[in-house]
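Here is how the chains run, residue by residue.
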Amino acid sequence: MAYQETSRQSYGSKVKGSFQGILWGIILIIAGTVILWWNEGRAVKASDALKDFQKNYVEMPDITTVNPEFEGKAVHATGVATTTDTLRDVQFGIAVNAFRLCREVEYYQWEENSSSESKDKLGGSTETTTTYTYEPAWCDAPVNSAEFKDPDYKGKNFVWRVIEDLDQNAASASFGAYKLTDGIIGSISGEEPVQPALTEAQMQQLLAKVSDSTVVVTVRGNQVYIG
């Protein structure tokens, strides 16, 4: 069931708000112009750098040996990157040989949505009715339900444990005889899901920290769900 709140704004308050809106509009136009000019400058520099690379790069036919001839030059080479590092997420029993290991955490929580409708009243005032509705959804951060408007949903969310996102890079990776920088390792694409491997002991440890007996911990695909 939807929850509604009604507020009224006097004519004088509307006039004051209009002047404030004009002032903020001028400030935003100036700030937007500066940001646009700065961003366009960066885009032009990036475009020029790419064009310069296309004109001046050299082919590196062999990556199995370090050739001083290519020092400081823009090069193009084809090969297979490798790493011997094993990345671990001990909390969920994961150990993989990979360039990157990312944990993305979601919480199944109630979310508050609102919509407003305004009507002009006699005397120049405005009456605004705001309708609040609630629905459960997967969220990337805990939702503070203490600020919900509807008393029936206020404080309805709870978080029994906050689990942080995790992003690891391999400490070292090779491209033939060459070593990849951390920046290049972090930009390698081709992500694949990893199946959590919770032992019975780890599952019991998770359940032991849950005070509400109705909470269920399940593993589906490459994600762990608690809800």
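Look up: the structure comes first, before these words.
If you're wondering where the values come from, they're calculated on a predicted model, not measured in any experiment.

Draft legend 1. Quick peek at the overall build of the protein chain. In terms of helices and strands, the protein chain carries three helices and 14 strands. The 227 residues of the protein chain split such that 22% are buried. Put simply, 60% of the contacts in the protein chain that link residues at least 6 apart link residues at least 24 apart. Approximately 16400 Å² of the protein chain is accessible, and the part contributed by carbon and sulfur atoms is 54%.

Draft legend 2. Expanded view of the pairing of strand β9 (residues 126–139). Pairing of strand β1 (residues 3–9) with β9 involves seven bridges; the strand directions are antiparallel. Across the sheet, Q9 pairs through a bridge with T126, a residue of β9. Direction of pairing for strand β8 (residues 107–120) relative to β9: antiparallel, over a ladder of 14 bridges. Across the sheet, the residue bridging to W110 is P136, located in β9. A loop of five residues connects β8 with β9, the two strands running antiparallel in sequence, and G123 in this loop sits at a positive phi of about 90 degrees.

Draft legend 3. Representation of the side chain of Q109 within the structure. Take Q109: it is sitting in strand β8. A distance of 3.3 Å separates the side chain of Q109 from the backbone oxygen of F158, its partner in a polar contact. If we ignore the near neighbours within four places in the chain, the residues touching Q109 are E135, P136, A137, C139, P142, V143, N157, F158 and V159.

Draft legend 4. Quick look at the sheet that holds β1. The antiparallel open sheet is built from three strands, whose spatial order is β1-β9-β8. Across the chains shown, the open sheet's two edge strands, defined by having one partner strand only, are β1 and β8. Neighbour-to-neighbour, the strand axes of this sheet turn through a mean angle of 25 degrees, independent of strand direction.

Draft legend 5. Seen up close, the packing of aromatic side chains. The tally for this structure, following the rule as stated, stands at four aromatic pairs. Measuring from centroid to centroid gives 5.2 Å for Y134 and F148, while their planes differ by 50 degrees, and the two rings are tilted. Taken together, the residues Y134 in strand β9 and F148 in the loop between β9 and β10 (166–169) connect sequence positions 14 residues apart. Across the pair, exposure class does not vary: Y134 and F148 are buried alike. Between Y134 and Y153, the aromatic rings sit 4.4 Å apart at their centres with planes inclined by 10 degrees, giving stacked as the arrangement. Here the residue Y134 occupies a position in strand β9, and Y153 occupies one in the loop between β9 and β10, the gap between them amounting to 19 residues. Owing to a relative accessible area of 12%, Y134 belongs among the buried residues under this scheme. According to the relative accessible area criterion, Y153 is buried, its value standing at 15%.

Draft legend 6. View of a negative patch on the surface. Together, E104, E106, D140, E164 and D165 give the surface a local cluster of negative charge. In this fold, D140 is placed in the loop between β9 and β10.

Draft legend 7. Geometry of the environment of S116. Position of S116 among the secondary structure elements: in strand β8. Look at S116 and you get exposed, because its relative accessible area is 53%. C-alpha separation for the pair S116 and Q4, spaced 112 residues apart in sequence, amounts to 9.4 Å. Setting aside anything within four residues of it in sequence, one finds S116 in contact with T128, T129 and T130.

Draft legend 8. Seen up close, the pattern of salt bridges. Considering all chains together, one arrives at three salt bridges under this definition. A salt bridge links E191 to R100, with the nearest nitrogen and oxygen atoms 3.7 Å apart. Of this pair, E191 sits in the loop between α2 (182–186) and α3 (200–208) while R100 is found in strand β7 (residues 100–103), placing the two residues 91 residues apart along the sequence. Classification of E191 as exposed rests on a relative accessible area of 67%. The exposure class assigned to R100 is partly exposed, which follows from its relative accessible area of 24%. The network of salt bridges with shared partners includes R100, D167 and E191.

Draft legend 9. Representation of a nonpolar patch on the surface within the structure. Residues F19, I22, I26, I30 and V34 make up a contiguous nonpolar surface patch of about 530 Å² in total accessible area. By secondary structure assignment, the location of I26 is in helix α1 (residues 11–56).

Definitions and limits used
- Residues numbered from 1 in each chain as written.
- Predicted model: local features only at pLDDT ≥ 70, side-chain atom pairs only at ≥ 80, totals over all residues.
- Heavy atoms only, no water.
- Helix = DSSP H or I, 4+ residues; strand = E, 2+ residues; numbered from the N terminus.
- Buried < 20%, exposed > 50% of the residue type's maximum accessible area, 1.4 Å probe, protein only.
- Contact = heavy atoms within 4.5 Å.
- Areas by Shrake-Rupley, 256 points an atom, 1.4 Å probe, with all protein chains shown as cover.
- Pairing = 2+ DSSP bridges.
- Polar contact = N/O pair within 3.5 Å; in protein donor to acceptor, adjacent residues only side chain to side chain.
- Axes fitted to C-alpha atoms, helices over the stretch in contact; angles between N-to-C directions.
- Phe/Tyr/Trp six-rings, centres within 6.5 Å; stacked < 30°, edge-to-face > 60°.
- Patch = residues over 30% accessible without salt bridge, like charges linked within 9 Å, V, L, I, M, F, W, Y side chains within 5 Å.
- Salt bridge = Lys/Arg side-chain N within 4 Å of Asp/Glu carboxyl O.
- Lys, Arg positive; Asp, Glu negative; His and termini not counted.
- Charge placed at Lys NZ, Arg CZ, Asp CG, Glu CD.

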